[in-house]
Amino acid sequence: MNEFFRKFATKAAEAMGSSWSFLMATAIIVVWALTGPLFHFSDTWQLVINTSTTIITFLMVFLIQKAQNKESVAVQLKLNELVAAHEFASNRLVDVENMSEEELKIIQKYYSKLKLHTQKEESLQQSHSIDEADEQHQLKKDIEKDIINRVQGKSC
C-alpha cells in the first residue's frame, strides 16, 4: 500500500505540475465562466466550481507533500554525503535536519562565530570548518602574543 501511494503521489505531482494540466485547468475555468449566463450565475453554478476546486486542492496538498517529503529526504542525504566526504567539513552537520531546535541554535552560534573569524581573513576564497577556524584563530592569537612579547622584550 505504501509503495503504491508513493508511486501514485510521484506520478500525480508530476502530472499536475505539467503545462497540460495547467491548460486543462484553465480550460475548465473558461468553460465554467462561459456557462454562467446559461445557468443565470446561480448559487448552484458557483457552488460547482467552489466545491470542485476545494476538493482538488485538499487532495493535492497531500500528494504534493508526499512528493516533497521524498525529495527533501533525498536532498538531505546528498548533503550528508557531501559533508561526510569532505575532509575539512564539520561532521556535526551530518543529519542536522533531525536535530532539536536547541542543537540547531548551538550550531548556528558556531557559524556566527566562524563568520566573525573569516571576516578577518585576507582572502575571500578561504573556507574553514568550525573547528579549523577556532584552531587558526587561536594560532593567530598565539602568534600575535609572541610577536608583542618579542617587540616589548627588544624595546626594553
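Residues numbered from 1 in each chain as written. Predicted model: local features only at pLDDT ≥ 70, side-chain atom pairs only at ≥ 80, totals over all residues. Heavy atoms only, no water.

> Break down the overall build of the chain for me, with residues and values.
Counting its secondary structure elements, the chain contains five helices and zero strands. Tracing the chain from N to C terminus, the helices and strands come up as α-α-α-α-α. Within the chain, buried positions represent 13% of all 156 residues. Across the chain, the fraction of contacts at a sequence separation of at least 24, relative to all contacts at a separation of at least 6, is 31%. Of the roughly 12800 Å² of accessible surface on the chain, 64% is carried by carbon and sulfur atoms. (Helix = DSSP H or I, 4+ residues; strand = E, 2+ residues; numbered from the N terminus. Buried < 20%, exposed > 50% of the residue type's maximum accessible area, 1.4 Å probe, protein only. Contact = heavy atoms within 4.5 Å. Areas by Shrake-Rupley, 256 points an atom, 1.4 Å probe, with all protein chains shown as cover.)

> Pulling in residues and values, what's your account of the packing of helix H2 (residues 19-34) against helix H3 (residues 43-85)?
Look at H2 against H3: their axes get within 11 Å of each other, and the N-to-C directions meet at 170 degrees. It follows that H2 is roughly antiparallel to H3 by the angle criterion. Every residue of H3 that contacts H2 at Ile 29, Trp 32 and Ala 33 is listed here: Trp 45, Gln 46 and Ile 49. Looking at side-chain class alone, the contact of H2 with H3 contains five nonpolar, one polar and no charged residues. (Axes fitted to C-alpha atoms, helices over the stretch in contact; angles between N-to-C directions. Parallel < 35°, antiparallel > 145°, perpendicular 65-115°, else oblique. Nonpolar A, V, L, I, M, F, W, Y, C, P; charged D, E, K, R; others polar.)

> If you had to explain unusual backbone geometry to someone new, which residues and values would you point to?
Phi is positive for His 40, which is not a glycine, with a value near 55 degrees. Looking at the secondary structure, you find His 40 in the loop between H2 and H3. The class for His 40 is exposed, based on a relative accessible area of 68%. Residues other than glycine seldom take positive phi values, yet Phe 41 does so here, at roughly 50 degrees. Note that Phe 41 resides in the loop between H2 and H3. A residue is classified by how much of its surface remains accessible, and Phe 41, at 47% relative accessible area, is partly exposed.

> Go over the packing of aromatic side chains, please, and point to the residues and values.
One pair of aromatic rings is described through two measures. These are the centre distance and the angle between the planes. Under the counting rule described, the total for this entry stands at four aromatic pairs. With a centroid separation of 6.2 Å and 15 degrees between ring planes, the pair formed by Phe 4 and Phe 8 is classed as stacked. Taken together, the residues Phe 4 and Phe 8, both in helix H1 (residues 2-16) and four residues apart, mark about one turn of the helix. Residue class for Phe 8 comes out partly exposed when judged on its relative accessible area of 44%. (Phe/Tyr/Trp six-rings, centres within 6.5 Å; stacked < 30°, edge-to-face > 60°.)

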